[in-house]
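# Structural overview
Each chain is listed here by its residues.
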Amino acid sequence: MHRRGVALVVVLLWLAGLGLLARRELMRGEPERLAQAALLVSPGAEFYAVTQRGQQIGFASSTVDTTTNGVSIYDLFVADIAADSAIHRTSARLLSKMSRTLRLQTFVFQYGALSTGIKATGTVNNDSSLTLVITAGGSRPDTQHVALTGPLLLPNAVPLALALAHSPKAGKRYTFNVFDPLSLKPGPITLRVLAESTLIVSDSAVMDTLRGRWVPAHLDTVTAWHIEPDSGSSSAGMLSGWVDARGRMVRATEFGGFLLDRRAFEIAYKNWTLDRANGSRASTADDIQETTAIEASAPIKDKRAVTVLRLRLRGVDLAGFPSLDGGRQTMEHDTLVIRREGETALLPRYQLPADGGFAQWTQPEPLVQSEDRTIREVSRRIQTARDIGKSTRRVDLDPRVVAERLNQWVFANLEKKVSLSVPSAIEVLRRHRGDCNEHTTLYIALARAAGLPARGAAGLVYVGGKFYYHAWPEVYLGTWVPVDPTFGQFPADASHIRFVSGGYVKQAELLKLVGNLQIDVLSSETLPQ
């Protein structure tokens, strides 16, 4: 064979080898990527100051541990949050255990105090099902089985998977199968890498005896990527912020809009405890309800009588909020028109219970325990109560009558009190108090127990010159009709602006509006219906 022919064969073999190598890399599945990424996980702990408008109000930590058999992550979040002219201590803990291939095996999630909070434990069975045991306050444990389509991650493991299993690049998207402990549901989450930058963090501290505070002893530079979940992603975990090459968060926006900033342990924790010991605490002036409220450009007079409200929404990308357009709401460019339902829209053409076409909206789900015996009993009692002097017709089969009765009952029987916790229908019924989330969750559970299709909605509502973040239920009465058991409105007034539909966790999408959304009141009309 001539030398030229030998050289050609060598080149072809080399190109073929490169092709096979590239094919192997490009076609490699996510499980294989995660298995190789797990080999790069290093143990260690990171500490964070939790701040609100520049003031430290709490502390957070994330600890990664590795063994010959697996990887575990323990996250802690504690903060003092101002709401309703009072300071509320809130806390969350998440312990997840994974195999050496980063497959989720077990987790324990706790939000709030043991006596009043939510605790969920999960065990994955051969990547095909998840056994959930949920305890809300003093209620009995609720065991559920969730079908899975493959291996899972928890949100706190996604930064590890992103940084170690991929080579993040600005402008690219990466999708992971995640179980969200807030919504208690599995689903895909797609992260967008917005930018790459170098951040400065304190990696050690020394006591400044003159000031009586810990200060940075050494500053380090860290290469990090700015990540954000796509609006269509089903998980709302702590995944918006900056992640470094080791897969650890450097800065993050926590669920609720608080900033977590990585610092040395002494600066993040000891300085906070020193401040609290000296009487420096979160200020009620930083009330989360007031600091996130949006000033209206013009007053809405007698809002309960308004039948048509026109608003201009500015300052945010509205494309990520498909629930803005539909039902009583019509969106055209940046102008939103809301038309409150008339009597004809409240006359459904079906009887309770609704047929199988509404299965999604009449079945129980985690924390909406519509099959619970006590909830069913209370729902039936409200449903079948007879009005004195009224007809003896079967009003318990009339969706409109039942929907209104439930609304009146929840409004009258729940104390209006801010609750910075994950709502559970059973616990709300036991304690008979809560804010709009508790009112909404209990209403949905009572409605579904009666066979009445119900779902959650969240957005803004006008009160006293401002638009406040709010949640309320919707019931199907021939169309989806918003009601408001927090304010005792049936149907809800036209100043309710629905941005998202679905469960409690969907409210995390509203964080994109905070500090950016502006609302112009164009007109409010009272028209005959």
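In what follows, the accompanying structure is described.

## A few points about the sheet that holds strand S17 (residues 329-332)
- Reading across from one edge, S17-S18-S16-S25 is the order of the 4 strands in this open sheet, with antiparallel pairing throughout. Of all the strands in the sheet, the pair left with one neighbour each is S17 and strand S25 (518-525). Strand-to-strand twist of the sheet, defined as the mean angle between neighbouring strand axes without regard to direction, takes the value 20°.
- Note: strand S16 (residues 308-314) against strand S18 (residues 335-339), 5 bridges, orientation antiparallel. Bridge pairing links Arg312 to Thr335 in S18.

## Details of the environment of Leu313
- Here Leu313 lies in strand S16.
- With 208 residues separating them along the chain, Leu313 and Val521 place their C-alpha atoms 9.1 Å apart.
- The contact partners of Leu313, leaving out residues within four places of it in the chain, are Leu318, Leu324, Met331, Asp334, Leu336, Phe499, Leu517, Gln518 and Ile519.

## A word on the packing of aromatic side chains
- Enumeration over the complete set of coordinates arrives at 12 aromatic pairs.
- Ring geometry for Phe47 versus Phe59: centroids 6.3 Å apart, planes at 20°, classification stacked. With a gap of 12 residues between them, Phe47 in strand S1 (residues 44-52) and Phe59 in strand S2 (residues 55-66) connect regions that are remote in the sequence.
- Ring centres of Phe107 and Phe179 lie 5.4 Å apart, and the angle between their planes is 35°; on these two criteria the pair is classed as tilted. Placement of the pair is Phe107 in strand S5 (residues 104-111) and Phe179 in strand S9 (residues 173-180), with a sequence separation of 72 residues.

## Section: helix H7 (residues 373-384)
- The terminal C-alpha atoms of H7 lie 16 Å apart, and with 12 residues this matches the ideal 16 Å at 1.5 Å per residue to within 8%.
- Every buried residue belonging to H7 is among Ile375, Val378, Ser379, Ile382 and Gln383, and all of these are buried. Down the axis of H7, the sector holding all buried residues measures 135°, keeping them to one side.
- Contacts from the buried residues of H7 go to helix H8 (399-413), helix H9 (425-431) and helix H10 (436-449).
- Between the side-chain oxygen at the start of H7 and the backbone nitrogen of Thr374 there is a gap of 3.0 Å, and the oxygen is on Asp372.

## Looking at the pattern of salt bridges
- Under the definition given, this model contains 27 salt bridges.
- Ionic pairing is found between Glu404 and Arg400, a salt bridge with its closest N-O pair at 3.3 Å. Remark: Arg400 and Glu404 occur in helix H8; sequence separation between them is 4 residues, near one turn of the helix.
- On the basis of relative accessible area, Glu404 is assigned to the partly exposed category, the value being 25%.
- In this structure, Arg498 and Glu474 form a salt bridge, with 3.1 Å as the shortest nitrogen-oxygen distance. Of the two residues, Arg498 is situated in strand S24 (residues 497-501) and Glu474 in strand S22 (residues 466-476); the sequence distance between them amounts to 24 residues.
- Residues joined by salt bridges that share partners form a network here, namely Glu46, Asp244, Arg246 and Arg262.

What counts, and at which threshold
Residues numbered from 1 in each chain as written. Predicted model: local features only at pLDDT ≥ 70, side-chain atom pairs only at ≥ 80, totals over all residues. Heavy atoms only, no water. Pairing = 2+ DSSP bridges. Helix = DSSP H or I, 4+ residues; strand = E, 2+ residues; numbered from the N terminus. Axes fitted to C-alpha atoms, helices over the stretch in contact; angles between N-to-C directions. Contact = heavy atoms within 4.5 Å. Phe/Tyr/Trp six-rings, centres within 6.5 Å; stacked < 30°, edge-to-face > 60°. Expected span 1.5 Å × (residues − 1). Buried < 20%, exposed > 50% of the residue type's maximum accessible area, 1.4 Å probe, protein only. Arc of directions from axis to C-beta. Polar contact = N/O pair within 3.5 Å; in protein donor to acceptor, adjacent residues only side chain to side chain. Salt bridge = Lys/Arg side-chain N within 4 Å of Asp/Glu carboxyl O.

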